[in-house]
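Summary of structural features
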Amino acid sequence: MAHGKIEKTNAARLLDRAKIPYELVPYQVDEEHLAATHVAEQLGEDISTVFKTLVLKGDHTGYFVCVVPGDHEVDLKAAAKVSGNKKCDLIPMKELLPVTGYIRGGCSPIGMKKLFPTYIHDSAEALPFIYISAGVRGLQLRLDPKALAAYVRASFVSLS
């Protein structure tokens, strides 16, 4: 797949190695607005196809990942239940880089330091493609959500 002058990220190289088709899609970064809604506007895509990657920590299982549509919040009770925890919370921002290797606005479910249990919002399952961070601010991966789920060993669950 020709991607022009876009530099491949670790997440993209991992997908190449796994022979999973994807497209790298750049967008203009606004440091003041790192929200997925801004990304969707930049891409000219419906927010329901632009997903954000959130890292949570449960009281029993430790760290886990939720991939949700950009305009959704994670229901912490639902996330705790599907992940086998009594309660959970988003990790503090200062823990994101040491735990995942990624920064806010550039956190991808692909290529984290460890393969954490991953849960993808069930709305993604019916979509032909979704956008997720490619692992850096300003670059998204457009790929089949089922291929993503298979690669990161994720389940499609109700999270909001």
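Residues numbered from 1 in each chain as written. Predicted model: local features only at pLDDT ≥ 70, side-chain atom pairs only at ≥ 80, totals over all residues. Heavy atoms only, no water.

**A look at the layout of surface pockets**
Approximately 510 Å³ is the volume attributed to the largest pocket. Forming the walls of the largest pocket are 26 residues, and the residues nearest its centre are Lys 52, Thr 53, Leu 54, Arg 104 and Gly 105. Mapped by element, the contributors of at least two residues to the lining of the largest pocket are helix H2 (36-43), strand S2 (51-58) and helix H4 (93-100). If you tally residues by element for the lining of the largest pocket, the top one is S2, at five residues. A per-class count over the lining of the largest pocket returns 16 nonpolar, eight polar and two charged. (1 Å grid on protein atoms, 1.4 Å probe; cavity = no way out; pocket = protein on both sides within 12 Å on 5 of 7 lines; lining within 4 Å. Points joined across faces, edges and corners; volume = space filled by probe spheres on them. Helix = DSSP H or I, 4+ residues; strand = E, 2+ residues; numbered from the N terminus. Nonpolar A, V, L, I, M, F, W, Y, C, P; charged D, E, K, R; others polar.)

**A short note on the pattern of salt bridges**
Tallying each qualifying case throughout the model produces three salt bridges. Among the ionic pairs, Lys 8 bridges to Asp 16, the shortest N-O distance being 2.4 Å. (Salt bridge = Lys/Arg side-chain N within 4 Å of Asp/Glu carboxyl O.)

**Here we look at the packing of aromatic side chains**
In this structure the tally under the stated criterion is three aromatic pairs. For the pair Tyr 63 and Phe 116, a centre-to-centre distance of 5.8 Å together with 70 degrees between the ring planes defines the contact as edge-to-face. Placement of the pair is Tyr 63 in strand S3 (residues 62-69) and Phe 116 in the loop between H4 and strand S5 (118-121), with a sequence separation of 53 residues. Among the residues examined, Tyr 63 registers a relative accessible area of 22% and is labelled partly exposed. The ring of Phe 129 is capped by Arg 142, whose NZ or CZ atom sits 3.5 Å from the centre of that ring. (Phe/Tyr/Trp six-rings, centres within 6.5 Å; stacked < 30°, edge-to-face > 60°. Buried < 20%, exposed > 50% of the residue type's maximum accessible area, 1.4 Å probe, protein only. Lys NZ or Arg CZ within 6 Å of the ring centre and 35° of its normal.)

**Details of H4**
Within H4, burial applies to Leu 96, Val 99 and Thr 100. In a view along the axis of H4, the buried residues occupy a sector of 90 degrees, so they form one face of it. When the buried face of H4 is taken as reference, the exposed residues oriented beyond 90 degrees from it are Lys 94 and Pro 98. Close packing links the buried residues of H4 with S2 and S3. Looking at the residues trailing H4, positive phi occurs at Gly 101, about 90 degrees. (Arc of directions from axis to C-beta. Contact = heavy atoms within 4.5 Å.)

**What to know about helix H1 (residues 10-17)**
Among the residues making up H1, those that are buried are Ala 11, Ala 12, Leu 14 and Leu 15. Projected onto a plane normal to the axis of H1, the buried residues spread over an arc of 160 degrees and lie on a single side. In this fold, the buried residues of H1 make contact with strand S1 (22-26), strand S7 (139-143) and helix H5 (145-152). Following H1 by one or two positions, Lys 19 has its phi on the positive side, about 60 degrees.

**With respect to the nonpolar core**
Formed by 31 residues in total, the largest nonpolar core has its most connected members in Ile 110, Ile 132, Leu 141 and Leu 148. Mapped by element, the contributors of at least two residues to this core are H1, S1, S2, S3, H4, strand S6 (130-133), S7 and H5. Counting residues per element, this core draws most heavily on H1, which supplies four residues. Leu 148 has contacts with Pro 109, Ile 110, Ile 120, Ile 130, Ile 132 and Leu 143, leaving out every residue within four places of it along the chain. With twelve residues, the next largest nonpolar core counts Phe 64, Ala 79, Cys 88 and Val 157 among its residues. (Core = buried A, V, L, I, M, F, W, Y, C linked by side-chain atoms within 4.5 Å.)

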